[in-house]
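Here are the chains, one letter per residue:
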Amino acid sequence: MLHIVNKSPLGHAALDSCLRVAQGGDLLLIEDAVYAASAGTLFEPLMRDALKRFKVYALQPDLEARGVAVHLIEGIAVVDYGGFVDLVARNKTCQSWL
Amino acid sequence: MKFGIVVNEGPYQHQASDSAYLFCKAALAQGHEIFRVFFYHDGVNNASRLTEPPQDDRNIVARWSRLAEEQGIDLVVCVAAALRRGIKDENLAPGFRISGLGQLVEAGIQADRLVTFGD
Amino acid sequence: MSEESSIKKFMFVNRKPPYGTVYALEALEVVLITAAFDQDVSLVFLDDGVYQLRKGQQTKGIETKNFSPTYRALDGYDIEKLYVEKESLEARGLTEDDLLVDVMVLDRAALGALMDQQDVVLSF
């Protein structure tokens, strides 16, 4: 299953909730959730922990738009919109943690 | 593969509509089919033809209309959500149609994947 | 396509409280329509979404329709699978007795496993 999160983990609980409930699978960070891919934030330890259970992706255009395409947490893969489409196609279901 | 798309937020206020549009374009470029884009909650405001963004900004509404025209995408606006927010046939942008929530459920049933963009 | 194969598992995930925003109300409207399509429907309440089911909602003072009785009526639409996350309830100092309808309380792992079994997940 693909989990899609679009909010910064430093301001909202959506990513926390996703990581609490979801059992694993693919996790895609889009929009403001791409800040969760940055190394050095307060959330990094939780993200590193999540990487043990999830394959984590961040949307490149959203990273670039926010100036945070550099210094990503090791193990997080970067995808473009085509990669986003592939992730949706590859998983039987997807859930947006709005 | 057939994708259904749900857009829950209005244009310019939230990135949801932009993300949904770029997702649709990428899916079409890969040869996938967009079964329907369903606009719900404040997402119905994406269908207002009265929208006039500044010239140096993207025209979100016109972009959806163009996608509908060029690719034959079905853009459906929820009637109950639309009436609440003053979106009617009189001010509906080209390519959009107003219909019931059943269209969303049908997209969930017919499409291989349903992707929601919202807040 | 056989009739059976056209029935999908729809899960509605409610994570937002009522009244502050319209999501809870408009989610309920989708749920009611989905019931008419004879799909396999479940509702999940987690995070502040559990407040949608809180007993004792009185909306007169905010001049807004109290839609909480609708959750009790879901039964009449053959929507009987209502799940609440245990951890979300506990985090808010609530128990099942505080809720206005009968629900199944699942822990986060059981809920996550249930999500994995769905065909369509709609979040509000």
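Our structure is the block above this text.
Quick summary incoming for the structure in this document. (Residues numbered from 1 in each chain as written. Chains lettered and ligands numbered in written order. Predicted model: local features only at pLDDT ≥ 70, side-chain atom pairs only at ≥ 80, totals over all residues. Heavy atoms only, no water.)

## What about the overall build of chain C?
The cut-off we apply is this: Every helix listed is a DSSP run of H or I at least four residues long, and every strand listed is a run of E at least two residues long, numbered separately from the N terminus. Radius of gyration means the value over C-alpha atoms here, while the globule rule gives 2.2 Å times the residue count to the 0.38 power. Whether two residues are in contact is decided by their heavy atoms: any pair within 4.5 Å suffices. Only the protein chains shown count as cover for residues, and the accessible areas themselves come from Shrake-Rupley with a 1.4 Å probe. Think of it this way: Lys and Arg go in the positive column, Asp and Glu in the negative one, and His and the chain ends go nowhere. Here the site of a charge means NZ on Lys, CZ on Arg, CG on Asp, or CD on Glu.
When helices and strands are counted, chain C shows 4 helices and 5 strands. Traced from its N-terminal end to its C-terminal end, chain C shows the element sequence β-α-β-α-β-α-β-α-β. Over its C-alpha trace chain C gives a radius of gyration of 15 Å, about what one expects of a compact globule, namely 14 Å for 124 residues. For chain C, the spread of C-alpha atoms along the principal axes amounts to about 50 × 30 × 25 Å. A fraction of 76% describes how many contacts in chain C between residues 6 or more apart in sequence connect residues 24 or more apart. Looking at chain C as shown, the accessible area adds up to about 6100 Å², and 48% of this sits on carbon and sulfur atoms. Once the 13 positive and 22 negative side-chain charges of chain C are each reduced to a mean point, those two points are 6 Å apart.

## Focus: the packing of helix α4 (residues 81-90) of chain A against helix α1 (residues 16-29) of chain B
So the rule is basically this: Orientation is described by axes fitted as lines to C-alpha atoms, over the contacting stretch for helices, and by angles from 0 to 180 degrees between their N-to-C directions. Orientation categories follow fixed angle ranges, with anything under 35 degrees roughly parallel, anything over 145 roughly antiparallel, 65 to 115 roughly perpendicular, and all other angles oblique. Here the nonpolar group is Ala, Val, Leu, Ile, Met, Phe, Trp, Tyr, Cys and Pro; Asp, Glu, Lys and Arg are the charged ones; every other residue, Gly included, is treated as polar.
Relative to each other, α4(A) and α1(B) sit at 80°, their axes nearing to 8 Å. In terms of their interaxial angle, α4(A) and α1(B) are classed as roughly perpendicular. Taking contact as the criterion, the partners of A:Tyr81, A:Gly82, A:Phe84, A:Val85 and A:Val88 in α4(A) are, on α1(B), B:Ser19, B:Leu22, B:Phe23, B:Ala26 and B:Ala27. Residues belonging to the contact of α4(A) with α1(B) are distributed by class as follows: 8 nonpolar, 2 polar and no charged.

## Some details on the nonpolar core
The test is simple: The term nonpolar core refers to a set of buried residues drawn from Ala, Val, Leu, Ile, Met, Phe, Trp, Tyr and Cys, joined through side-chain atoms within 4.5 Å. Residue exposure (1.4 Å probe, protein chains only): buried if accessible area is under 20% of the type maximum, exposed if over 50%, otherwise partly exposed.
Counting residues in each nonpolar core, the largest one holds 88 residues, and the members touching the most others are A:Phe84, B:Ile5, B:Phe23, B:Val37, B:Trp64 and B:Phe96. No other element matches α1(B), which puts 8 residues into this core. Setting aside residues up to four positions removed in sequence, B:Phe96 forms contacts with B:Phe39, B:Asn46, B:Ala47, B:Val61, B:Trp64, B:Ser65, B:Leu75 and B:Val77.

## Structural notes on the sheet that holds strand β3 (residues 75-78) of chain B
Residue and element names in this part refer to chain B. Definition in use: Here the rule is simple: two strands pair whenever DSSP picks up at least two bridges between them.
As summarised here, the arrangement of the 5 strands in space is β4-β3-β2-β1-β5, forming an open sheet in which the pairing is parallel. Of all strands in the sheet, those bounded by a partner on one side alone are β4 (96-99) and β5 (113-117). Strand-to-strand twist across the sheet, computed as the mean angle between neighbouring axes with direction ignored, equals 25°. Looking at chain direction, β3 and β4 are connected through 4 bridges and run parallel. Within the sheet, the bridge partner assigned to Val-77 lies in β4 and is Ile-98.

## What to know about unusual backbone geometry
A positive phi is found at A:His71, a non-glycine position, where the angle reads about 55°. Take A:His71: it is sitting in the loop between α3 (60-65) and β4 (77-79). With phi around 70°, B:Tyr12 is a residue other than glycine that occupies positive phi space. Relative to the elements of secondary structure, B:Tyr12 occurs in the loop between β1 (2-7) and α1.

## Thoughts on the layout of surface pockets
Applicable threshold: Computed over the protein atoms alone on a 1 Å grid, cavities are sets of points where a 1.4 Å probe fits but cannot get out and pockets are open sets with protein on both sides within 12 Å along at least five of seven lines; a residue lines them when it has an atom within 4 Å of a point. Grid points are joined across faces, edges and corners, and a volume is the space filled by probe spheres set on the points.
Counted as a void, the largest pocket has a volume near 270 Å³. For the largest pocket, the lining is made up of 16 residues, of which A:His12, A:Leu98, C:Arg15, C:Lys16 and C:Asp48 are closest to its centre. Taken together, the residues of the lining of the largest pocket sort by class into 5 nonpolar, 4 polar and 7 charged.

## Things to note about the sheet that holds strand β1 (residues 2-5) of chain A
Residue and element names in this part refer to chain A. Strand order in this open sheet of 5 strands is β4-β3-β2-β1-β5, and the pairing throughout is parallel. Edge strands, defined here as strands with exactly one partner in the open sheet, are β4 and β5 (94-96). Neighbour to neighbour, the strand axes of the sheet diverge by 25° on average, direction disregarded. Of the pairings in the sheet, the one linking strand β2 (residues 25-29) to strand β3 (residues 54-59) comprises 5 bridges and is parallel in character. When the bridges of β3 are listed, Asp-26 appears paired with Lys-55.

## Digging into the interface of chain B and chain C
By a frequent convention, interface size equals the accessible area lost on bringing the separate parts together. Short version of the rule: Buried area counts how much accessible surface, traced with a 1.4 Å probe, disappears from two parts once they are put together, with both parts' losses summed. Note on definitions: salt bridges are taken to be side-chain nitrogens of Lys or Arg within 4 Å of carboxyl oxygens of Asp or Glu.
Opposite the 20 residues of chain B that make contact, chain C presents 19 residues. Between chain B and chain C, roughly 1500 Å² of surface is buried when both sides are summed, and carbon and sulfur atoms account for 60% of that area. Looking at the side of chain B facing chain C, the largest losses of area belong to B:His41, B:Val105 and B:Ile109, adding up to 33% of the total buried there. At the junction of chain B with chain C, the criterion picks out 3 salt bridges. For C:Glu29, the salt bridge is made with B:Arg84, and the minimal N-O distance between the two is 2.7 Å.

## A short note on helix α2 (residues 60-71) of chain B
Residues and elements named next belong to chain B. We apply this condition: Any helix carries an expected span of 1.5 Å times its number of residues minus one. Pairs of N or O atoms are called polar contacts if they sit within 3.5 Å, as long as, within protein, a hydrogen donor faces a hydrogen acceptor (for residues adjacent in sequence, only side-chain-to-side-chain pairs).
In a regular helix each residue adds 1.5 Å, so 12 residues correspond to 16 Å; α2 covers 16 Å between its end C-alpha atoms and thus fits that length. Along α2, the residues classified as buried are Ile-60, Val-61, Arg-63, Trp-64, Ser-65, Leu-67 and Ala-68. Those residues of α2 that are buried are in contact with β1, α1, β2 (33-39), β3 and β4. Regarding α2, its N-cap is Asn-59, as a side-chain oxygen of that residue lies 3.3 Å from the backbone nitrogen of Val-61 further along.

## A look at the interface of chain B and chain A
Counting from both sides, the interface comprises 21 residues of chain B and, opposite them, 19 residues of chain A. Across the chain B/chain A interface, buried area totals approximately 1500 Å², and carbon plus sulfur atoms make up 59% of it. Where chain B meets chain A, there are 0 salt bridges. If you list the elements that add at least two residues to the side of chain B that touches chain A, you get α1 and β5 of chain B. When residues in the side of chain B that touches chain A are grouped by element, the largest group, 6 residues, is from α1(B). For the side of chain B that touches chain A, the per-class residue count stands at 10 nonpolar, 8 polar and 3 charged.

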